[in-house]
Amino acid sequence: MSFPWANQYEPQNPLMKWVDDRLPLPRFVYNAIGAGYPVPRNLNYFWNFGVLAGFCLVLQIVTGVVLAMHYAPNALVAFDSTEHIMRDVNWGWMLRYAHANGASAFFVVVYLHIFRGFFYGSYKAPREMVWLMGVVIFLLMMATAFMGYVLPWGQMSFWGAKVITGLFGAIPLVGEPLQIWLLGGFAPDNAALNRFFSLHFLLPFVIAGVVILHIWALHIPGSSNPTGVEVKGESDTIPFHPYYTAKDGFGLGVFLFLYCAMLFFLPNALGHPDNYIPANPMSTPAHIVPEWYFWPFYAILRAFTADFFFIPAKLMGVIAMFGSILVWFFLPWLDTSPVRSGHYRPLFRKFFWFGLIPAMAVLFYCGGAPAEEPFVMMSQLATAYYFLHFLVILPIVASVERPEPLPYSITEAVLGSDDNAELKAAS
Amino acid sequence: MTRLIGILVGLFFTAAVLWAFVSGAATVISEGELKPATAEHHFHKLPHEPSGGFSFNGAFGKYDKQQLQRGFQVYKEVCSACHSLRHVAFRDLEQLGYNEAEVKAIAAGFQVPGVDPNTGEATTRAGMPTDYFPKPYPNDIAARAANNNAIPPDLSLMTKARHEGSAYVYSLLTGYQDAPAELVKEFPGSAPGPGLHYNPYFANLNLAMAPPLTATDQVSYGDGTKATVDQMAQDVAAFLTWTAEPTLDKRKQTGWPVLGFLLFATVLAYLAKQQVWADKKGKKG
Ligand code: HEM
């Protein structure tokens, strides 16, 4: 679907016409990311991150497929095969650094994309499906990155796999057999490494599939925008191409510059040194920490240090860690304020900037820190706020807040006046 | 309804985590301290670089081949008695500036595992450029037996396997000292046991490696550099940085043109974007 004033595809050359008549793929592309997709004229740079996330996915798939041509998923040789890539494969060091830093870049981009959604209320009707698909993508990305990190079979690979699969052991009754079944043994070993490799290869393609659903769902109502006011007329939109292709091109340039600066000059800055030590089941690292992008959730996991009535502390931590992401699924029905954008929501804005963002920062910091005081107590307070924010504060704010006046339309927000608004006022 | 359930679930999580907070706080108050004092917290030191830093520091830094050759000499004459270098082949040494004949000679100076062509029995033979540096001990048990129950780790990736690894290796080698009197008094359990050596840069303060570099001119450098302990430590740290990251020079050399190109392309993309948007600017510009 699209707005009635959307440009119609008219093949310019006979070949494209021939193809389009038989398989309307050119038309599909034109309507999805070409001049046939009308987009609000006022999108800011936060709307660049979706396209960048798509780019990252392609980057990870391309570098990953080539890495897989040289990597050996066997516990005896996995570590050495990664070093073989680094030393003997032509440009192998660049591939591996591109893939490892690409995972980090992917998460940076996706976190900014999600942040945009939180602040501008992009999850609200009629875009709930877009949001739900997004949360599914995020969960799949976490699984993919976790299993990818296990592949080089260093110390953090091994112990990370052990800790995370150990979480399933916290489930009452079935926990332990489940954990053994998942790992194919009592501890991570060849069986686990092999299935992780297989799934790590598969999941990015599943992600690609869900991304298609995500964009399909988006194109029903079209993109939201920083005012959160829906498109009212033709003057509110401009065609995706050339306006947003040009803007995304510039965004991609900035992204690639920063990404390559990391890749070529600080390629190990985001990694953990222990992963350059081959996996050793007999020697536990002093601090087991996941990759930086998992730190907030790892902090939530470790915040539950005391049994709560009949629920053991560990189980409580596992429920909370998964719960902290699952609450995102319910966001469209928790935040019921009809106003989308945080720009026009004074109370929401206060809780967002002075509550949620600091709490996330604390969780991020504590998740990377050793599990000792004062970090545990700090993450406990931040975890409490996190759940309060999404489950208690947002619903209450939505019903007590008095939003600021909205512009009549996107055009008015951009130009200061809108002919349609004036006509309406006159009538 | 969703909101009501949501609020209840939210309060449940909050109550559970605040309960954990209160129990934790109670422990802290009853013990009167945030975390128990340990010898490591008080005496462990963070690594520092040699004065003047390393030649390969920073975005423009690169290896000093002369220094890598000296570092290799230290490894060969001192460290290789106990430590392997299993990811490095003799042929790789050409990157340090040795020519083919020199690499052949170096390789031939090492005995590597081989098979007797007549009897098929395991033996040793002179190394060839395609061989990897041999292990000094036949297995871990032998390594432990010779080293006070500690295995000397492989050094190929050592500088990437520790925080600030190059500085760490340098600091460790130059950091041996007598255990401070306060440590012995306050944490008798952390004083070096038999066969262990105090070193504040090592994670748990005492390690099984005796100071390997002890005297000036322990190795005699061919290039006239004075082989002080500090110099040898710097050189071997630089060499081990190369063994861990042999592609460092190439990486940075590739990086600059890539960034230059991206900067150019991004400026162009920006100008193109301005051009395209020229007719759509609102009042805010
Ligand atoms: C959603 C996209 C992906 C993410 C977030 C991701 C993430 C990761 C991470 C974090 C690592 C560990 C990096 C390291 O320590 O070296 C890794 C390794 C690896 N990945 Fe991926 N990956 C993705 C897609 C793919 C794809 C599509 C393939 C292949 C078809 C692939 C193949 C590999 C291989 C072979 C390794 C091991 C080699 C190595 O450790 O350098 N990845 N991945």
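Residues numbered from 1 in each chain as written. Chains lettered and ligands numbered in written order. Predicted model: local features only at pLDDT ≥ 70, side-chain atom pairs only at ≥ 80, totals over all residues. Heavy atoms only, no water.

Re the overall build of chain B
Point 1. Across its full length, chain B carries 9 helices and 4 strands.
Point 2. Starting at the N terminus, the α and β elements of chain B follow one another as α-α-α-α-β-β-α-α-α-β-β-α-α.
Point 3. In terms of overall size, chain B is more extended than a compact globule, its C-alpha atoms giving a radius of gyration of 28 Å where 285 residues would be expected to give roughly 19 Å.
Point 4. Split into buried and exposed, the 285 residues of chain B put 41% on the buried side.
Point 5. Taken together, the 25 basic and 26 acidic charged side chains of chain B have centroids lying 14 Å from each other. (Helix = DSSP H or I, 4+ residues; strand = E, 2+ residues; numbered from the N terminus. Rg over C-alpha atoms; globule rule 2.2 N^0.38 Å. Buried < 20%, exposed > 50% of the residue type's maximum accessible area, 1.4 Å probe, protein only. Lys, Arg positive; Asp, Glu negative; His and termini not counted. Charge placed at Lys NZ, Arg CZ, Asp CG, Glu CD.)

Brief notes about the site of the ligand
Residue and element names in this part refer to chain A.
Point 1. Taken together, 25 residues sit near the ligand, with R96, H99, G148, H200 and F201 positioned nearest.
Point 2. In this structure, an oxygen atom belonging to the ligand sits 3.0 Å away from a side-chain N or O atom of R96.
Point 3. Here a nitrogen atom of the ligand sits 2.7 Å away from a polar atom, N or O, in the side chain of H200.
Point 4. Listed by contribution, the elements that provide at least two residues to the shell around the ligand are helix 3 (49-68), helix 5 (92-120), helix 6 (128-150) and helix 9 (190-219).
Point 5. The class makeup of the residues in the shell around the ligand is 17 nonpolar, 7 polar and 1 charged. (Near = heavy atom within 4 Å. Polar contact = N/O pair within 3.5 Å; in protein donor to acceptor, adjacent residues only side chain to side chain. Nonpolar A, V, L, I, M, F, W, Y, C, P; charged D, E, K, R; others polar.)

Concerning the domain arrangement of chain A
All names here are of chain A.
Point 1. Annotation of chain A at the domain level lists domain 1 (1-36) and domain 2 (40-426).
Point 2. Computed from C-alpha atoms alone, the centre-to-centre distance between domain 1 and domain 2 is 33 Å.
Point 3. On the side of domain 2, 11 residues touch domain 1, which itself brings 9 residues to the contact.
Point 4. Of the roughly 860 Å² buried between domain 1 and domain 2, counting both surfaces, carbon and sulfur atoms make up 63%.
Point 5. Summed over the shared surface of domain 1 and domain 2, the result is 0 salt bridges.
Point 6. Taken together, domain 1 and domain 2 are joined by 3 residue pairs in polar contact (both at pLDDT 80 or more).
Point 7. The class makeup of the residues in the side of domain 1 that touches domain 2 is 6 nonpolar, 3 polar and no charged. (Domains from an automatic or database assignment. Contact = heavy atoms within 4.5 Å. Buried area = accessible area lost by both parts, 1.4 Å probe. Salt bridge = Lys/Arg side-chain N within 4 Å of Asp/Glu carboxyl O.)

Thoughts on the environment of B:Y198
All names here are of chain B.
Point 1. Here Y198 is to be found in strand 3 (residues 197-198).
Point 2. Here Y198 falls in the buried class, since its relative accessible area comes to 4%.
Point 3. For the pair Y198 and G165, spaced 33 residues apart in the sequence, the C-alpha separation amounts to 19 Å.
Point 4. Y198 has contacts with F43, Y176, Q177, D178, A179, P180, L183, P192, L205 and N206, leaving out every residue within four places of it along the chain.

Topic: the confidence of the model for chain B
Point 1. Overall, the predicted model of chain B reaches an average pLDDT of 93, with 99% of residues at or above 70.
Point 2. Predicted complex metrics record ipTM = 0.94 and pTM = 0.93. (pLDDT = per-residue confidence, 0-100.)

Some remarks on the side chain of B:R70
Residue and element names in this part refer to chain B.
Point 1. Note that R70 resides in helix 3 (residues 65-77).
Point 2. For R70, a relative accessible area of 10% corresponds to the buried category.
Point 3. Among the polar contacts listed, one links the side chain of R70 to the side chain of D223, at a separation of 2.9 Å.
Point 4. Within the local environment of R70, its side chain forms a polar contact with the side chain of T225, the two groups lying 3.4 Å apart.
Point 5. Apart from the residues within four sequence positions on either side, R70 is in contact with Y221, D223, T225, Q231 and D235.

Some thoughts on the packing of aromatic side chains
Residue and element names in this part refer to chain A.
Point 1. One pass over the structure, following the stated rule, counts 66 aromatic pairs over all chains.
Point 2. Ring plane angle 55 degrees and centroid distance 6.2 Å describe the contact between F138 and F297, whose orientation is recorded as tilted. Here F297 lies in helix 11 (residues 295-303) and F138 lies in helix 6, a separation of 159 residues in the sequence.
Point 3. On the basis of relative accessible area, F138 is assigned to the buried category, the value being 1%.
Point 4. A residue is classified by how much of its surface remains accessible, and F297, at 3% relative accessible area, is buried.
Point 5. In this arrangement the basic side chain of K232 is found over the ring face of Y408, its NZ or CZ atom lying 4.7 Å from the centre.
Point 6. A cation sits over an aromatic face here: K247 above Y45, 4.5 Å from the ring centre. (Phe/Tyr/Trp six-rings, centres within 6.5 Å; stacked < 30°, edge-to-face > 60°. Lys NZ or Arg CZ within 6 Å of the ring centre and 35° of its normal.)

With respect to the domain arrangement of chain B
Residues and elements named next belong to chain B.
Point 1. What the domain assignment lists for chain B is domain 1 (39-48 + 62-88 + 142-270) and domain 2 (91-132).
Point 2. The gap between the C-alpha centroids of domain 1 and domain 2 is 26 Å.
Point 3. With 11 residues of domain 1 at the contact, the number on the domain 2 side is 9 residues.
Point 4. Both faces considered, domain 1 and domain 2 share a buried interface measuring about 1000 Å² in area, 67% of it formed by carbon and sulfur atoms.

Remarks on the pairing of strand 1 (residues 111-115) of chain B
Residue and element names in this part refer to chain B.
Point 1. Looking at chain direction, strand 1 and strand 2 (residues 122-126) are connected through 5 bridges and run antiparallel. Across the sheet, the residue bridging to P113 is T124, located in strand 2.
Point 2. In sequence, strand 1 turns back onto strand 2 through a hairpin of 6 residues, with G120 there showing a positive phi of about 75 degrees. (Pairing = 2+ DSSP bridges.)

Some thoughts on the coordination of the iron atom of the ligand
Residues and elements named next belong to chain A.
Point 1. Looking at the metal site, the iron atom of the ligand is ligated by H99 (NE2) and H200 (NE2), spaced 2.0 Å from it.
Point 2. Coordination at the iron atom of the ligand is octahedral, judged from the 6 donor atoms that bind it and the angles of 83 to 180 degrees they form at the metal. Here H200 lies in helix 9 and H99 lies in helix 5, a separation of 101 residues in the sequence. A single burial state applies to H99 and to H200, both of which are buried. (Donors = N, O, S within 2.8 Å, 3.2 Å for Na, K, Ca; no water. Tetrahedral: all angles 85-135°; square planar, octahedral: opposite > 155°, others 65-115°.)

What to know about the packing of helix 11 of chain A against helix 13 (residues 346-368) of chain A
Residues and elements named next belong to chain A.
Point 1. Interaxial distance between helix 11 and helix 13 falls to 7 Å at its minimum, and their mutual angle equals 80 degrees. It follows that helix 11 is roughly perpendicular to helix 13 by the angle criterion. Between helix 11 and helix 13, the residues in contact are W295, P296, Y298, A299, I300 and R302 and M360, L363, F364, C366, G367 and G368, respectively.
Point 2. Here the residues of the contact of helix 11 with helix 13 are counted per class, giving 9 nonpolar, 2 polar and 1 charged. (Axes fitted to C-alpha atoms, helices over the stretch in contact; angles between N-to-C directions. Parallel < 35°, antiparallel > 145°, perpendicular 65-115°, else oblique.)

Here's the deal with the nonpolar core
Point 1. By size, the foremost hydrophobic cluster in this structure holds 127 residues, and its most contacted members are A:F118 and A:W328.
Point 2. With 15 residues, the top contributor of residues to this core is helix 5 of chain A.
Point 3. Residues in contact with A:W328, not counting those within four places in the same chain, are A:I114, A:F118, A:W131, A:V135, A:F138, A:F297, A:Y386 and A:F390.
Point 4. Within the second largest apolar cluster, 39 residues are counted, among which are B:V103, B:F110, B:L173 and B:F239. (Core = buried A, V, L, I, M, F, W, Y, C linked by side-chain atoms within 4.5 Å.)

Quick look at unusual backbone geometry
Point 1. Cis rather than trans, the peptide bond between A:A125 and A:P126 has omega equal to 5 degrees.
Point 2. Here A:P126 is to be found in the loop between helix 5 and helix 6.
Point 3. With phi around 60 degrees, A:W153 is a residue other than glycine that occupies positive phi space.
Point 4. Mapped onto the elements of the fold, A:W153 is located in the loop between helix 6 and helix 7 (155-168).
Point 5. Despite not being glycine, B:L205 has its phi angle at roughly 75 degrees, a positive value.
Point 6. Looking at the element boundaries, B:L205 is found in the loop between strand 3 and strand 4 (206-207).

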